[in-house]
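# Coordinates in review
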Amino acid sequence: MVATKNTKAFYNTEIPSDWKIKKLGALVEIVSGVSPSLFNLDVVGKYPYLKVEDLNNCEKYQVSSREFSNDEKQLVPKNSVIFPKRGAAILNNKVRINSVAVQMDSNLMAVYPKSEDLNFEYLYYQITFEQLHKIADTSTIPQINNKHIIPYSFPLPPLPEQKAIAQVLSKADAAIHTTEKLIAQKELRKKWLMQQLLTGKKRLKGFENTKWKIQALENFIKPIVREVPKPSTPYLGIGLRSHGKGTFLKHDEQPEKNSMDNFYVVRPNDLIVNITFAWEQAIAIVRPEDDGALASHRFPTYTFIEDKGHPDFFRFYILQPRMKFMLQMISPGGAGRNRVMSKSDFIKLEFLLPDYKEQTTIAQVLQAADKEISLLKAKAEKLREQKKGLMQVLLTGKIRLNYDSSDFYDSNENK
């Protein structure tokens, strides 16, 4: 790679002097999607029928549509760049390349090269980089149509350089995809481990002959009350997300407006429940960063009895479907606001549980799985940032690639 020396103005930046500036309408054919009522759609067929949601969470070259058609009306060729043409999806910059000919619904449109001077992968990356909302009409609802695409000025490097840029960015995409795929595999493995280890279906080495017992929660936890007066200055309160999604902190800048006279302090590794939404599995183990936060009377807290209940084990155990079911059973009523959990019933709930030593070992296995996933997620985020940086310098020509056109020939191009 080498830095660019000779440049020329392009919008609010500069591009290499040997790059051309073309109107996008001169380089691409434009296709708009049509209503699904024009097709006989089914779960099987020759041509995938794409909707806006099919642009989400898919590989660049993967087609994953729920519906297909055998009709050839408004067929979009492969190697087209597809994107939303109206609504909030434009702001999310959802773009993809299709690997086979497809049909599209009326909320999508596509462009594909009609000039031999334009590489379809370079087109994909440049459109992704430019961000659709920059050229969309956003006076009311964001929308893109031919009048926005045709006059849009498009930076065009020499064809070999386009292919070189696309190859570098494709490799970056491949590295991201490989890591994300590994994350998905590790998350599935962790889910399987939880299902097996937390139900006793799979036993760890050394515990094969130890029996689990049906025991009440009061054998493992006990209520703790750390009551304090209502603060006179701003404070951090703790909240609980439903569906086992953990705790969150919230700032209360005007405590004087709070009608409660007393609050309750939480500490790391407390078990905390929201009695109003326990039926939605609003239960969690307090995190280290929540230390000292204040809860209302609707959030009873419990500490773990030494050598009986391990907080790291219950951090996983409380997320199990059985826990949600039992919380629903002790939260009577028909509407959410009226479904208040009974605290006395909660402590009496019974579960099939291992002893403290096995709890500890199970927690260590699941924590190791969590750590592995966290490291992979950090790696994926780093790769995404690296790709973002590459796009910033390669698609603006700030850095030029040393390329040989024969090295970047795509044998599938224009087929």
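Every chain is numbered independently, its residues counted from 1 as its sequence is written. Predicted model: local features are reported for residues with pLDDT of at least 70 only, side-chain atom pairs are reported and counted for 80 or more only, and whole-chain, interface and lining totals are derived from all residues. Water and hydrogen atoms were dropped before computing side-chain values, which therefore reflect all heavy atoms in the structure.

## A closer look at the sheet that holds strand E20 (residues 283-285)
So the rule is basically this: We call two strands paired when DSSP finds no fewer than two bridges between them. For the purposes of this entry, the term helix denotes a DSSP run of H or I that reaches at least four residues, the term strand denotes a run of E that reaches at least two, and both are numbered from the N terminus. Only C-alpha atoms enter the line fits that serve as axes; for helices the fit covers just the stretch in contact. Angles between N-to-C directions range over 0 to 180 degrees.
Taken together, 4 strands build an open sheet; the order of strands is E14-E22-E19-E20 and the sheet is antiparallel. The open sheet has two edge strands with one neighbour each: strand E14 (221-224) and E20. Within the sheet, the average angular offset between the axes of one strand and its neighbour, ignoring direction, is 30 degrees.

## Description of the nonpolar core
As a reminder of what qualifies: By nonpolar core is meant a set of buried Ala, Val, Leu, Ile, Met, Phe, Trp, Tyr and Cys residues that side-chain atoms within 4.5 Å join together. For every residue, the accessible area obtained with a 1.4 Å probe (protein chains only) is divided by the maximum for its type, and the residue is called buried under 20%, exposed over 50%, and partly exposed between those limits.
Within the largest apolar cluster, 37 residues are counted, with the highest numbers of intra-cluster contacts made by Val-81, Phe-83, Leu-123, Ile-144 and Phe-154. Contributions of two or more residues to this core are made by strand E8 (81-84), strand E11 (108-113), helix H1 (120-130), strand E12 (153-156), helix H3 (159-197) and helix H7 (356-394). Among the elements that take part in this core, H1 stands out by supplying 7 residues, more than any other. Among the nonpolar cores identified, the runner-up in size contains 36 residues, and Met-194, Ile-285, Phe-316 and Leu-327 belong to it.

## Concerning helix H5 (residues 321-329)
Because the α-helix completes a turn every 3.6 residues, residues three or four places apart line up on one side. Defined as follows: Arc, as used here, means the arc of the directions from the helix axis to the C-beta atoms. Here a residue-residue contact requires only that any non-hydrogen atoms of the pair lie within 4.5 Å.
All of the buried residues along H5 are Met-323, Met-326 and Leu-327. Down the axis, H5 shows its buried residues gathered within 100 degrees of arc, on one side only. Exposed residues pointing more than 90 degrees away from the buried face of H5 are listed as Pro-321 and Met-329. Buried residues belonging to H5 abut E20, helix H4 (311-317), helix H6 (343-346) and strand E23 (350-353).

## Description of unusual backbone geometry
In this model, Asn-79 sits at a positive phi of 65 degrees, which is unusual for a non-glycine residue. Of note, Asn-79 is situated in the loop between strand E7 (68-69) and E8. The phi dihedral of Asn-269 is positive, around 75 degrees, even though this residue is not glycine. Checked against the element boundaries, Asn-269 lands in the loop between strand E18 (262-265) and strand E19 (271-273). Using a relative accessible area of 34% as the deciding quantity, one classes Asn-269 as partly exposed.

## Focus on the pairing of strand E22 (residues 301-304)
Here E22 shows two buried faces, one formed by Thr-301 and Thr-303 and the other by Tyr-302 and Phe-304. When E14 meets E22, the two strands line up antiparallel, connected through 4 bridges. Residue Lys-222 lies in a different strand from E22, and its bridge partner there is Thr-303.

## Quick notes on the pattern of salt bridges
Spelled out, the test is: One speaks of a salt bridge when a side-chain nitrogen belonging to Lys or Arg is within 4 Å of a carboxyl oxygen belonging to Asp or Glu.
Taken as a whole and judged by the stated rule, the model has 16 salt bridges. Linking Glu-187 and Lys-377 is a salt bridge whose minimum nitrogen-to-oxygen distance equals 3.3 Å. Here Lys-377 lies in helix H7 and Glu-187 lies in helix H3, a separation of 190 residues in the sequence. Given a relative accessible area of 34%, Glu-187 falls into the partly exposed group. Its salt-bridge partner being Arg-315, residue Asp-312 comes within 3.2 Å of it at the nearest N-O pair.

## Some remarks on the sheet that holds strand E6 (residues 47-50)
Read across the open sheet, the 3 strands follow the order E7-E6-E10; overall the sheet is mixed. Looking at the sheet topology across the chains shown, the edges are occupied by E7 and strand E10 (103-104). Here E6 runs beside E7; their pairing, made up of 2 bridges, is antiparallel. Paired with Tyr-47 across the strands is Ser-69, a residue of E7.

On their own, these measurements won't tell you what the molecule is for.
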